[in-house]
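Secondary and tertiary structure notes
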Amino acid sequence: IKMNYFLALDTTSPNCCAALQVGAEIFTREFAKPAESLATEVEELLLAQNLSFQNLSAILVTNGPGSFSGIRIGLASAAALALGAKLKIYTASALLAQTLSIASKERLIISTINANENEVYLAAYLTENFKELAPAQVVAKSALRDLVLKLENQLGLKAQILSDQSSKLITAGLFRAHASGLAYPEETQLEPLYLKAVNAKTLAERA
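Computed from a predicted structure; not experimentally measured. (Residues numbered from 1 in each chain as written. Predicted model: local features only at pLDDT ≥ 70, side-chain atom pairs only at ≥ 80, totals over all residues. Heavy atoms only, no water.)

**Let's talk about the overall build of the protein chain**
In terms of regular secondary structure, the protein chain is built from 6 helices and 10 strands. The C-alpha atoms of the protein chain give a radius of gyration of 17 Å, which matches the 17 Å a tight globule of 207 residues would have. If one aligns the C-alpha atoms of the protein chain with their principal axes, the spans along those axes are about 50 × 35 × 30 Å. The buried share of the protein chain, taken over its 207 residues, is 47%. The long-range fraction of contacts in the protein chain, counting pairs at least 24 apart against all pairs at least 6 apart in sequence, stands at 59%. Counting every atom, the protein chain has about 10,600 Å² of accessible surface; 51% of that belongs to carbon and sulfur. With 18 positive and 19 negative side-chain charges, the protein chain shows a spacing of 3 Å between the two charge centroids. (Helix = DSSP H or I, 4+ residues; strand = E, 2+ residues; numbered from the N terminus. Rg over C-alpha atoms; globule rule 2.2 N^0.38 Å. Buried < 20%, exposed > 50% of the residue type's maximum accessible area, 1.4 Å probe, protein only. Contact = heavy atoms within 4.5 Å. Areas by Shrake-Rupley, 256 points an atom, 1.4 Å probe, with all protein chains shown as cover. Lys, Arg positive; Asp, Glu negative; His and termini not counted. Charge placed at Lys NZ, Arg CZ, Asp CG, Glu CD.)

Structure, rendered in structure tokens:
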């Protein structure tokens, strides 16, 4: 039986993670400064399991939202690694990966990641199919509770709010997204999900 090996990268936050899925086991390396450390961390992660890039089945990477430079470095690194080893790349947002990283008793999940001292990145999902109810957006922290109450009242459901899970958990969510068919294959170019209060759109939408 051929073993599948998947590499997952999350560089959307100051604390980044590279993770390797070997069957049912996941091995991780956490680091900061992805521009300086990512390539070395990935190589050491593979070497620890006596693997090379040629052994990998695919690369999974978060495409945002989060640090502008972190997103860019993660996507560019994934593209370079995939090109060299002729691998497919799959992307998912850090908000979705965060949602998939935990087992929730609630059907409505509000996934948030800190953007700055006044704002959060936010998306809302139903856990039965992880359909996006509220698209990825920037929300003022002062308005967060009202938005949550509005969604709860509209759906008649109690929400669980997730915030700032570790990059290690987000890579675990990436593996689940891929296994569930919720990560998008990127055949030509990697589309970053940049969100800012003044232009909360993807690059394609702003073009």
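Don't stop here, the text continues.
**Digging into the pattern of salt bridges**
Going through the model one piece at a time under the given rule, you end up with 3 salt bridges. Between Glu41 and Arg29 there is a salt bridge whose closest N-O contact spans 2.5 Å. Of the two residues, Glu41 is situated in helix α1 (residues 34-48) and Arg29 in strand β3 (residues 25-31); the sequence distance between them amounts to 12 residues. Among the residues examined, Glu41 registers a relative accessible area of 15% and is labelled buried. Residues Glu44 and Arg29 are paired through a salt bridge, measuring 2.7 Å at the closest nitrogen-oxygen approach. Taken together, the residues span a long stretch of sequence, with Glu44 in helix α1 and Arg29 in strand β3 at a distance of 15 residues. In this structure Arg29 comes out as partly exposed when scored by relative accessible area, which is 29%. (Salt bridge = Lys/Arg side-chain N within 4 Å of Asp/Glu carboxyl O.)

**Section: the sheet that holds strand β6 (residues 108-114)**
Ordered by their spatial adjacency, 4 strands build an open sheet running β8-β7-β6-β9, and the pairing between neighbours is mixed. Two strands lie at the open edges of the sheet, namely β8 (132-140) and β9 (159-163), each paired on one side alone. Between one strand and the next, the sheet's axes are offset by a mean angle of 20°, whatever the strand orientation. Along the sheet, helix α4 (residues 141-155) makes contact with β6, β7 (119-126), β8 and β9, crossing β8 at roughly 160°. (Pairing = 2+ DSSP bridges. Axes fitted to C-alpha atoms, helices over the stretch in contact; angles between N-to-C directions.)

**Some thoughts on the pairing of strand β4 (residues 58-62)**
Two faces belong to every sheet, and in a regular strand the side chains alternate between them. Extensive coverage of β4 is indicated by the burial of 5 of its 5 residues. Every second residue of β4 is oriented toward a common face, with Ala58, Leu60 and Thr62 on one face and Ile59 and Val61 on the other, all of them buried. Sheet analysis places β4 next to strand β5 (residues 88-92), joined by 5 bridges and oriented parallel. For Val61, the partnering residue across the bridge sits in β5 and is Thr91. As for the winding sense of the linkage, the β-α-β connection from β4 through helix α2 (residues 68-85) to β5 is right-handed. (Right-handed = clockwise from strand over helix to strand, strands pointing away.)

**Regarding the environment of Val139**
Mapped onto the elements, Val139 comes out in strand β8. On the basis of relative accessibility, which here comes to 7%, the residue Val139 falls in the buried class. For the pair Val139 and Ala19, spaced 120 residues apart in the sequence, the C-alpha separation amounts to 30 Å. Ignoring any residue separated from it by four or fewer positions in sequence, one finds Val139 in contact with Asn118, Glu119, Val120, Leu122, Leu144 and Leu147.

By themselves, these observations are geometric and do not establish any function.
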